[in-house]
Amino acid sequence: MQVVLASSNRGKIKEIRELLGTDVVPYQELLGDLDIIENGKSFKENAIIKAKTIYDALQNPSAIVIADDSGISVPALGGEPGIYSARYAKEGASDKDNLQKLINKLKEKEIKRTPAYYTAAIAIASKDGIFTVHGWMWGDVIDEARGDKGFGYDPMFIPQGYEKTLGELDSEIKRQISHRAKALKLAKIVLERLQ
Ligand code: IMP
């Protein structure tokens, strides 16, 4: 089964390939660059927009498209950055800029460590319709970046039950406990039914 991935984020593509254990083709290899307007009000809505846009553009009814919309939420900051995680610093910002902005926000409020959680919403588009699943990972964010593993906000995120950030921990640990791993486990059940 060939699954088309509605993402161009390298960190995500790598993790989804490893976690799904099936051939995943990033949509850009088939369609080039597409302007996808992520104007949904939730991770789920944005995942559906991405999956549907790519599915329609492929014009291949037997295609299966998987889209992940994800981000980190910090309750002490009113849920920021949430669905704006990818463009927190500005439109088109780099992972590094976004990470630094969240660190600065914590520093402004003199917060050294506070609870946070990652959300992954996955939408699967196929001729049988659109299916969605979710996964979450709880932990704390700190006001500094430690380590260079993972991507995005990982260097400032300490998962529950650990004392190191995802930037410092072995990537095998993230593979076992991440929001994306949990959502993909459920997505696999859907994908098996669509084969
Ligand atoms: P999306 O590609 O629009 O879903 O944006 C996701 C953004 O959330 C990424 O650019 C990262 O900043 C952040 N993000 C999502 N998942 C992770 C993760 O597993 N680690 C670190 N950052 C993540």
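Here the structure is shown first, and the text comes after it.
Remember, predicted model here, so these are calculated numbers, not experimental data.

**Student:** How do you make sense of the overall build of the protein when you look at a structure like this?
**Tutor:** Of the regular secondary structure elements, the protein holds six helices and seven strands. Element order for the protein, N to C, with α for helix and β for strand: β-α-β-α-α-β-β-α-β-β-β-α-α. Considering only C-alpha atoms, the protein reaches an extent of 50 × 30 × 25 Å along its principal axes. With 195 residues in all, the protein has 49% of them scored as buried.

**Student:** Would you mind showing me how to read the environment of Glu-18 here?
**Tutor:** Of note, Glu-18 is situated in helix H1 (residues 10-20). Put simply, Glu-18 and Arg-175 are 157 residues apart on the chain and 8.4 Å apart in space, counted from C-alpha to C-alpha. Within the structure, the side chain of Glu-18 is placed 2.6 Å from the side chain of Arg-175, a separation counted as a polar contact.

**Student:** Quick question: what am I supposed to make of unusual backbone geometry here?
**Tutor:** With glycine set apart, most residues show a phi of negative sign, and most peptide bonds adopt trans. A cis amide bond links Glu-80 with the next residue in sequence, Pro-81, at an omega value of -10 degrees. Structurally, the position occupied by Pro-81 is in strand S4 (residues 80-81). The phi angle at Gln-59 is positive, at roughly 50 degrees, despite the residue not being glycine. Mapped onto the secondary structure, Gln-59 falls in the loop between helix H3 (43-58) and strand S3 (64-74). In this model, Glu-110 sits at a positive phi of 55 degrees, which is unusual for a non-glycine residue. Note on placement: Glu-110 falls in the loop between helix H4 (95-108) and strand S5 (113-126).

**Student:** Can you walk me through the pairing of S5 in this structure?
**Tutor:** Every regular strand shows the same layout, with side chains that alternate between the two sheet faces. The buried fraction of S5 amounts to eleven of the 14 residues, a majority that puts the element mostly inside the structure. Examined bridge by bridge, S3 and S5 share nine bridges and lie antiparallel to one another. The residue bridging Ile-72 from the neighbouring strand is Tyr-118, located in S5. Pairing of S5 with strand S6 (residues 129-142) involves 14 bridges; the strand directions are antiparallel.

**Student:** Help me out: how do you make sense of the site of the ligand in this one?
**Tutor:** Taken together, 19 residues form the shell around the ligand, and within it Lys-12, Phe-151, Asp-154, Lys-174 and Arg-180 come nearest. At a separation of 3.4 Å, an oxygen atom of the ligand approaches a polar side-chain atom of Lys-50. Contact with the protein chains removes 94% of the 490 Å² of surface that the ligand exposes when unbound. Elements with a contribution of two residues or more to the shell around the ligand: S3 and helix H6 (179-194). In terms of residue count, the dominant contributor to the shell around the ligand is S3 (four residues). For the shell around the ligand, the residue count by class is four nonpolar, six polar and nine charged.

**Student:** Could you clarify how one ought to interpret the packing of H1 against H6 in this entry?
**Tutor:** To describe two helices that pack against each other, one gives the angle between their axes and the distance between the axes. Viewed as axis vectors pointing N to C, H1 and H6 meet at an angle of 55 degrees, and their least axial separation amounts to 10 Å. On the basis of the axis angle, H1 is oblique to H6. In this structure, the crossing between H1 and H6 has a hand that is right-handed. Side by side, H1 and H6 meet where Lys-12, Glu-15, Ile-16, Leu-19 and Leu-20 of the first sit next to Arg-180, Ala-181, Leu-184, Lys-188 and Leu-191 of the second. Across the contact of H1 with H6, the residue classes tally to six nonpolar, no polar and four charged.

**Student:** How do you make sense of the pattern of salt bridges when you look at a structure like this?
**Tutor:** Across all of its chains, the model carries 18 salt bridges by this definition. Here Arg-180 ties to Glu-15 by a salt bridge, and the two come within 2.7 Å at their closest N and O atoms. Of this pair, Arg-180 sits in helix H6 while Glu-15 sits in helix H1, and the two are 165 residues apart along the sequence. The residues Arg-180 and Glu-15 share a single accessibility class, namely buried. Each member of the salt-bridge network shares a partner with another, and the members are Lys-12, Glu-15, Asp-68, Asp-154, Lys-174 and Arg-180.

Calculation notes
- Residues numbered from 1 in each chain as written.
- Predicted model: local features only at pLDDT ≥ 70, side-chain atom pairs only at ≥ 80, totals over all residues.
- Heavy atoms only, no water.
- Helix = DSSP H or I, 4+ residues; strand = E, 2+ residues; numbered from the N terminus.
- Buried < 20%, exposed > 50% of the residue type's maximum accessible area, 1.4 Å probe, protein only.
- Polar contact = N/O pair within 3.5 Å; in protein donor to acceptor, adjacent residues only side chain to side chain.
- Pairing = 2+ DSSP bridges.
- Near = heavy atom within 4 Å.
- Areas by Shrake-Rupley, 256 points an atom, 1.4 Å probe, with all protein chains shown as cover.
- Nonpolar A, V, L, I, M, F, W, Y, C, P; charged D, E, K, R; others polar.
- Axes fitted to C-alpha atoms, helices over the stretch in contact; angles between N-to-C directions.
- Parallel < 35°, antiparallel > 145°, perpendicular 65-115°, else oblique.
- Left-handed = near helix turned anticlockwise from the far one by under 90°.
- Contact = heavy atoms within 4.5 Å.
- Salt bridge = Lys/Arg side-chain N within 4 Å of Asp/Glu carboxyl O.

Any link to function would need more than the numbers given here.
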